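Reading the structure
Given next are the chains, with one letter for each unit.
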Amino acid sequence: LDCRVLNNPCDDVMDVCWSKDSKRFVLCSLDHCVLVYEDLNHGVQGEGSKWSCVMRNAKDHLSYVQGVAYDPLGVYVASQGSDRTVRIFSRKPCSLKKRGAGTNDTANTDVEESEAQRVLRRQAQTQKMLTDKKFEVLTKSRVLKYRNTEGSSSITMKSTESVNNVHVTNANATKQLAKHYLFADESTVESFFRRLAWTADGAFLITPAALYHADGDDTLKSRKGDEKVEDSSTPSFATYLFARHHFDKPFKVFAGLEKPSVVVRPNPVLFKLPKNAATQKNTTYTTL
């Protein structure tokens, strides 16, 4: 077992996450830092590991960084902090070489299987290229902080017209957008950790410590007899799933938690959909 002691130029380390190939790992610290270390002798026979810091970011997060996650496909590095944000650092893109003329994507008679194999092959190519390529990220990180929801409807009255001596007033109903924080603040999440994670295939980023606000149509108060229906506009604790490359809004929301989630870990086993998946409309999950 090869052990090394690394001098960390930052404050106390809060979380560590390895890349899938074990060539790099990312860590975060209390002084707003996100760092990536790389083994410069990775894959070299007869040489011990030689670790070097290849990325250091201390300007994006405004408070403690409490969790990091390394994309299994090697494209993204995600971090989450007590400043109520998730930051997505993206590697600089690299182009895939064209396949040789002798290859044929349609060799397999099963079109769907051939397509799936093509996607897996391209992912493997991209991952290998990013492993061998110098670690560089884009200058600007992606920020996940707010979510826009539809507020209550408002009615705008327009000019009054006279038709056959009858006054007609035009009215337009418009939806108002409300901006809400995606994640809870420090006073709500008392834990020092907000450990996010990618799924094993990199298809989703799972983030804890989330606040979920329903859209305005679902938050109206009403009465059923003497029973008053609770106003659900009050945010509920939740966990968000963001689809890969689509970080504008959550793909799925696991809401209804009694307390904020602070650590998430996906199942490392990839499951296949059952044959009757097309007939199943609802997918349930259980809170333990």
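As the structure is a computational prediction, the values presented were derived from the model and not from experiment. (Residues numbered from 1 in each chain as written. Predicted model: local features only at pLDDT ≥ 70, side-chain atom pairs only at ≥ 80, totals over all residues. Heavy atoms only, no water.)

1. As for the pairing of strand β6 (residues 76-81)
In plain terms, the rule: Each residue is assigned to one of three classes by its accessible area relative to the maximum for its type, calculated with a 1.4 Å probe on protein chains only: buried under 20%, partly exposed between the two thresholds, exposed over 50%. Counting from the N terminus, the helices are the DSSP runs of H or I reaching at least four residues and the strands are the DSSP runs of E reaching at least two. We treat two strands as partners when DSSP finds at least two bridges between them.
Burial runs high along β6: 6 of the 6 residues are buried. Judged by which residues are buried, β6 turns out to be covered on both faces: Tyr76, Ala78 and Gln80 on one side and Val77, Ser79 and Gly81 on the other are all buried. Pairing analysis gives 5 bridges linking strand β5 (residues 65-70) to β6, with the strands arranged antiparallel. The residue bridging Val68 from the neighbouring strand is Ser79, located in β6. Taken together, β5 and the strand that follows it, β6, pair antiparallel across an intervening segment of 5 residues, in which Gly74 is found at a positive phi of about 80°. The pairing of β6 with strand β7 (residues 86-90) spans 5 bridges and is antiparallel. Each residue of the ladder has a partner; that of Tyr76, found in β7, is Ser90. Hairpin connection, β6 to β7: the antiparallel pair is bridged by 4 residues, and Arg84 has positive phi, about 65°.

2. Here's the deal with the sheet that holds strand β8 (residues 142-144)
Definition in use: A fitted line through C-alpha atoms serves as each axis, taken over the contacting stretch for helices, and the angle formed by two N-to-C directions is quoted from 0 to 180°.
Spatially, 4 strands are ordered β5-β6-β7-β8 in an open sheet, and the strand pairing comes out antiparallel. Strands with a single pairing partner mark the edges of an open sheet, and in this sheet they are β5 and β8. Sheet twist, expressed as the average angle between the axes of neighbouring strands with direction ignored, equals 20°. As paired strands, β7 and β8 are joined by 3 bridges and run antiparallel to one another. In the sheet register, Val86 faces β8, and the bridge partner there is Leu144.

3. What to know about the nonpolar core
A general tendency of soluble globular proteins is for nonpolar side chains to be buried together. This is how the line gets drawn: To form a nonpolar core, buried Ala, Val, Leu, Ile, Met, Phe, Trp, Tyr and Cys residues must be joined to one another through side-chain atoms within 4.5 Å. Should any heavy atoms of two residues lie within 4.5 Å, those residues are considered in contact.
With 18 residues, the main nonpolar core has Ile88, Leu144, Phe183, Leu205, Phe242 and Phe247 as its most contacted residues. When contributions to this core are tallied by element, the ones reaching two or more residues are β6, β7, β12 (204-212) and β15 (236-243). The element that contributes the greatest number of residues to this core is β15, accounting for 3 residues. In this view, Leu205 contacts Ala78, Val86, Ile88, Leu196, Ala197, Trp198, Tyr240, Leu241, Phe242 and Phe247; residues no more than four positions away in its chain are not counted. Judged by nonpolar contacts, the second largest core, of 13 residues, contains Val34, Val36, Met55 and Val68.

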